[in-house]
Amino acid sequence: RSLLALRRRCYLARKRLSGTQLAAEGRVLRAVLYVYHSKLRRHRSYLAMQQVEQCLKRLWKMNLVGCIETLSELVPKKNTTQAHRECLIPSQPMLETVALKVLGGCKLILRLLDCCCKAFLLSVNHLCSEEYILLNTVASGLLSRLWFVIQYRCALQNLMLLYGLLSTSLLLVSETQQMPYIKGFTFPSDISNFLGVHVSSELKQQQTRMLTTRKPTSWLKKLFPAVPEAGSEIEKKRNFATRMRAVKKHGIPCPTDIGEPVL
């Protein structure tokens, strides 16, 4: 049962980390940094976005998704109900390697969320000062989407749950046959103590800071004037009839629906 739970958790963690939304936001971030490199490479919001991009790059470089996928392939797919049946299970070196990468991935994602929050607040502050309006508008939208994509997909929470199952499996396997691979490091029993912060409260604080930031609405109203409210149904019908009479008067052919046959 524990092996089946481990396989299921590996599948969920891999699914959360390998989503198309996260990869798309990373590509957009790299494109924005490439465009503004020669102009704003000394700017504070640009340097903050560079830190976010470095965290994303390190997350992909460590190949956490591939390592979790390899582990899930080693876990048996079916439950062995008979007591005398034997099955192949992942070895202690394999479990230690994945557990160490999961610990590093959790630290890196926590750092990524913190960098996204700080860079977003910095971009909004520069927007309030009306500095580099185009860059900071794009950056604030991009960073907020990236933060909420990671939080909405619960990538960090799934990795923490995966480490709990890995720690239990590692303890059982090491009791069966001692094959230590990573020496000089003690795997923590509680990942929250290893991360050093309470994850749920930290994420709530970041979300509160991002949602309650002073919005730069003064200059936005000048750039994008308010759209007038729609009129009543009678005015809409009157305007439509006026346009149709003008079309017939000037001999302009009426637009036809391409989905219907035209005689």
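Quick note: structure is the one above.
The sections below set out a description of the structure shown in this document. Values in this document were obtained by computation on a predicted structure and should not be read as measured data.

**Looking at helix H2 (residues 20-35)**
End to end, H2 covers 23 Å across 16 residues, agreeing with the expected 22 Å (1.5 Å per residue, within 8%). All buried positions along H2 are accounted for by Leu-22, Glu-25, Gly-26, Leu-29, Val-32 and Leu-33. Looking straight down H2, one finds its buried side chains confined to an arc of 125 degrees; they lie on one side. Residues of H2 that are exposed and point more than 90 degrees away from the buried face comprise Thr-20, Tyr-34 and Val-35.

**Examining unusual backbone geometry**
Phi angles above zero are rare outside glycine, and Asn-63 is one such case at about 55 degrees. Along the chain, the position of Asn-63 falls in the loop between helix H4 (44-61) and helix H5 (64-74).

**A look at the pattern of salt bridges**
If charged atoms from side chains of opposite charge come close, those side chains can pair. Within the structure shown, the criterion is met by 4 salt bridges. Between Lys-57 and Glu-53 there is a salt bridge, and its shortest N-O distance comes to 3.9 Å. In this pair, Lys-57 and Glu-53 are both assigned in helix H4, 4 residues apart and thus about one turn of the helix distant. In this structure, the salt-bridge partner of Asp-114 is Arg-111, at a minimum N-O distance of 3.9 Å. Of the two residues, Asp-114 and Arg-111 both sit in helix H6 (residues 92-128), 3 residues apart, roughly one turn of that helix. For Asp-114, a relative accessible area of 16% puts it in the buried group.

**Thoughts on the side chain of Glu-25**
Mapped onto the fold, Glu-25 is located in helix H2. A polar atom in the side chain of Glu-25 sits 3.1 Å from the side chain of Arg-145. Those residues in contact with Glu-25, other than ones at most four positions away along the chain, are Leu-142, Arg-145 and Leu-146.

**A short note on the packing of aromatic side chains**
A complete count under the given rule lists 1 aromatic pair for this structure. Cation over ring: Lys-107 sits above Phe-194, and NZ or CZ is 5.4 Å from the ring centre.

What counts, and at which threshold
- Residues numbered from 1 in each chain as written.
- Predicted model: local features only at pLDDT ≥ 70, side-chain atom pairs only at ≥ 80, totals over all residues.
- Heavy atoms only, no water.
- Helix = DSSP H or I, 4+ residues; strand = E, 2+ residues; numbered from the N terminus.
- Expected span 1.5 Å × (residues − 1).
- Buried < 20%, exposed > 50% of the residue type's maximum accessible area, 1.4 Å probe, protein only.
- Arc of directions from axis to C-beta.
- Salt bridge = Lys/Arg side-chain N within 4 Å of Asp/Glu carboxyl O.
- Polar contact = N/O pair within 3.5 Å; in protein donor to acceptor, adjacent residues only side chain to side chain.
- Contact = heavy atoms within 4.5 Å.
- Phe/Tyr/Trp six-rings, centres within 6.5 Å; stacked < 30°, edge-to-face > 60°.
- Lys NZ or Arg CZ within 6 Å of the ring centre and 35° of its normal.

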